[in-house]
Amino acid sequence: MAIQKIKGTKDWYGVELQANRELQQWMRALCELYGYKEVETPEFEKTEVFKREGDSSDVVNKEMYTFMDAGNRSLTLRPEGTAGIMRAIVENKLYAQPDLPLKVFYISSCFRAENPQKGRLRLFHQFGAEALGVKSPVLDAELICLAKTLLDCLEIEDYKIVINSIGDSESRKAYREVLRKHFEPVLGELCEDCKRRYIQNPLRILDCKVDHEHPALVNAPVISQSLNQESTDYFAKLRETLTRAGVEYEIDERLVRGLDYYTDTVFEFLSTNPGIGAQSALGGGGRYDDLLAYFGGPAMSGVGFGMGIERLLIALAEEGKQFEEESSCDLYLMCLDEALLPEALALATQLRNWRIRVQMDFQARSMKSQFKSAERSGAKIIAFYGEEEARTGSLKFKNVDTQEQVTISDPEGWIDQIYSWLQEPEEEEHEHHDAHLH
RNA sequence: GCGGUCGUGGUGAAGUCGGUUAACACACUAGAUUGUGGCUCUAGCACUCGCGGGUUCGAGUCCCGUCGAUCGCCCCA
């Protein structure tokens, strides 16, 4: 059997690749607008970059591609963007700059050993931004604005923003205990998953789908009651700032996120389109107070978010937003005699030197076949090169839309003719291949 | 990692209780039409049904395994 790609990976080509690139252009353009600079870090790092002491998240504990190199060092393919960025910031002392916050962004591939499904691949792409060195709810809000603006620019409409505060690590620890106490009496009535969550991470019981209606869940204490004054004020300020910025959001007291390093602010961008599948989070992020220090940097607080590029693509497709396949050819050169092929290539090269996108036939096939190829290429102009033209040192041009034909012997004249035809905007739609995203 | 569904050409797919030549459509190639396409007509286009094994006189059809896709769980972007 033919060799197949690895499960959960994807080959990119055609319109989908084009759509992906277009997305990335928007990301870079917006980050420039917001003053975030691009950073690129290696695809793999020492395992301890991602795996930190006491980390309970699945992403880190069971979904990493970890292997030993020849020197018996444990290396890991990055499962998320933030950790590598933190390491790079510390290693290169990027934090040592007069103007804080330090604002960076990345577009990178990530690897997670999960079972694939819609919106979840083993090798996927994340766009993320991080801002370090200033702890302010206003900065949290800026990041949310950046992510929101991206979705708006892409014309994604079916989404909502949910936010929450999970407080500092002490508040969270306290809340965990409150929850354990709350659920202890009814533990026997909860599902198997919840019994496990009770031990591992009681916060997760809150968004259980099975026990959703259990009175103990409905009446569960909310985290806001466990927050200290500082965190409560911080969250209030964030809400105020978002409202002032015209950002609509919901508060979800049950929003807890999968990575362990978050403190205070957490947020998610959820697609509300029914076609998105079970993996409806387009992006998410939050504040982290202790991450930079973990890597040996100063005790700087940061905020960041990540967005799944593939998920954005799915959301766009599900909302019926299509990318049009661009024509990649201006002129199709028809060569009518096999003996003239070398000369035809010379002509094509000459035209290409004038920045005209030329495709040509390499087999001197029948005119009919060449016309078909020309049509498929999307070229607005066809140039004929056969015995007659070779004899007179000329080229015959045909305007595909108007059927107009002229024979021109002077190369300067060729260029003038081609440019004049190409610059005329053709109103009539000439078979624009509607490009679906999948 | 676990569970459901699925796997036939370049594409969409038909294939009846296992029965011998794998339908149909689109696309593609060639010709009708030897320097002007998009219409029409004609012809061609799957030594083989994801892969491996088994049952059988006979398997695309049944069984087992495996790989992959898809949907969901867990979890996450």
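Preceding this section is the structure that the text describes.
Residues numbered from 1 in each chain as written. Chains lettered and ligands numbered in written order. Predicted model: local features only at pLDDT ≥ 70, side-chain atom pairs only at ≥ 80, totals over all residues. Heavy atoms only, no water.

(A) Inspection of the overall build of chain A at higher detail. Tallying secondary structure elements over chain A gives 15 helices and 16 strands in all. In terms of C-alpha radius of gyration, chain A reaches 29 Å, well past the compact-globule figure of 22 Å for 438 residues. Overall size of chain A, expressed as C-alpha extent along the three principal axes, is 95 × 55 × 50 Å. The contacts of chain A with a sequence gap of at least 6 include a subset with a gap of at least 24, amounting to 70%. With the model as given, the accessible surface of chain A reaches about 22,400 Å², and the carbon-plus-sulfur share is 49%. (Helix = DSSP H or I, 4+ residues; strand = E, 2+ residues; numbered from the N terminus. Rg over C-alpha atoms; globule rule 2.2 N^0.38 Å. Contact = heavy atoms within 4.5 Å. Areas by Shrake-Rupley, 256 points an atom, 1.4 Å probe, with all protein chains shown as cover.)

(B) Seen up close, the pairing of strand β7 (residues 159-165). A large share of β7 lies buried, amounting to six of its seven residues. Two elements, β7 and strand β9 (residues 263-271), share seven bridges in a ladder whose sense is antiparallel. Directly across from N164, in β9, lies its bridge partner V266. (Buried < 20%, exposed > 50% of the residue type's maximum accessible area, 1.4 Å probe, protein only. Pairing = 2+ DSSP bridges.)

(C) Quick look at the pattern of salt bridges. The full count for this structure, using the stated rule, is 18 salt bridges. With a shortest N-O distance of 2.9 Å, K118 and E318 are connected by a salt bridge. Here K118, found in the loop between β5 (102-111) and β6 (123-132), pairs with E318, found in helix α11 (residues 309-318); they are 200 residues apart in sequence, far enough to count as distant. Here E318 falls in the partly exposed class, since its relative accessible area comes to 28%. Bridged by salt links that share partners, the residues E45, R87 and E91 form one connected network. (Salt bridge = Lys/Arg side-chain N within 4 Å of Asp/Glu carboxyl O.)

(D) Fine view of the sheet that holds strand β13 (residues 358-360). Strand order in the open sheet made by the five strands is β13-β12-β14-β15-β16, with mixed pairing throughout. For this open sheet the edge positions go to β13 and β16 (405-408), each flanked by a neighbour on one side alone. The average angle at which neighbouring strand axes cross in this sheet is 25°, direction not considered. Note: strand β15 (residues 395-399) against β16, four bridges, orientation antiparallel. Its bridge partner lying in β16, K396 is registered against T407. (Axes fitted to C-alpha atoms, helices over the stretch in contact; angles between N-to-C directions.)

(E) Structural view of the sheet that holds strand β3 (residues 65-68). Reading across from one edge, β2-β4-β3 is the order of the three strands in this open sheet, with antiparallel pairing throughout. Each having just a single partner strand, β2 (44-46) and β3 make up the two edges of the open sheet. Taken over all neighbouring pairs, the strand axes of this sheet differ in orientation by 30° on average, direction set aside. Pairing of β3 with strand β4 (residues 74-77) involves four bridges; the strand directions are antiparallel.

(F) Region of interest: the packing of helix α12 (residues 341-352) against helix α15 (residues 411-423). Where α12 meets α15, the closest approach of the two axes is 11 Å, and the angle between their N-to-C directions is 60°. The orientation of α12 with respect to α15, classified from their angle, is oblique. Judged by the sense of rotation from one axis to the other, the crossing of α12 with α15 is right-handed. Listed contacts from α15 to L347, Q350 and L351 of α12 are P411, W414, I415 and I418. For the contact of α12 with α15, the per-class residue count stands at six nonpolar, one polar and no charged. (Parallel < 35°, antiparallel > 145°, perpendicular 65-115°, else oblique. Left-handed = near helix turned anticlockwise from the far one by under 90°. Nonpolar A, V, L, I, M, F, W, Y, C, P; charged D, E, K, R; others polar.)

(G) Seen up close, helix α13 (residues 367-377). Within the span of α13, buried status applies to Q370, S373, A374 and S377. Looking down the long axis of α13, one finds its buried residues gathered within 100° of arc, a one-sided arrangement. In α13, the exposed positions angled more than 90 degrees off the buried face are occupied by K368 and R376. Elements that come into contact with the buried residues of α13 comprise β12 (331-335), β13 and β14 (381-385). (Arc of directions from axis to C-beta.)

(H) The arrangement of the packing of aromatic side chains in detail. Counted by the stated rule, this structure contains eight aromatic pairs. Residues F127 and F305 carry aromatic rings whose centres are separated by 5.7 Å and whose planes lie at 75° to one another, so their mutual orientation is edge-to-face. You can see F127 sitting in strand β6 and its partner F305 sitting in strand β11 (residues 302-308), a full 178 residues away along the chain. Judged on exposure class, the residue F127 and its partner F305 are both buried. Cluster of aromatic residues (ring-pair linked, three or more members): F105, F127 and F305. (Phe/Tyr/Trp six-rings, centres within 6.5 Å; stacked < 30°, edge-to-face > 60°.)

(I) Focus on the environment of G81. On the secondary structure map, G81 appears in the loop between β4 and α4 (82-91). Leaving out residues up to four positions away in the same chain, G81 has contacts with Y106, C110 and Q126.

(J) Region of the structure containing the pairing of β11. Within β11, seven of the seven residues are buried, leaving the element largely enclosed by the surrounding structure. Alternating residues of β11 divide into G302, G304, G306 and G308 and V303, F305 and M307, and every residue in both groups is buried. Relative to β11, β6 runs antiparallel, the two sharing seven bridges. Considered in β11, the bridge of F127 is made with M307. Relative to β11, strand β10 (residues 281-288) runs antiparallel, the two being bridged by six bridges. Following the sheet pairing, G284 is matched in β11 by G306.

(K) Spatial organisation of helix α9 (residues 229-244). The first and last C-alpha atoms of α9 sit 22 Å apart over 16 residues, in line with the 22 Å expected at 1.5 Å per residue. Those residues of α9 lying buried are S231, Y234, F235, L238, T241 and L242. What you see down the axis of α9 is that its buried residues fit within an arc of 125°, all on one side. Within α9, the exposed residues directed more than 90 degrees away from the buried face are Q229, E240 and R244. Elements that come into contact with the buried residues of α9 comprise α5 (137-153), β7, β8 (250-251), β9 and β10. Two residues or fewer past α9, G246 is found with a positive phi of approximately 75°. (Expected span 1.5 Å × (residues − 1).)

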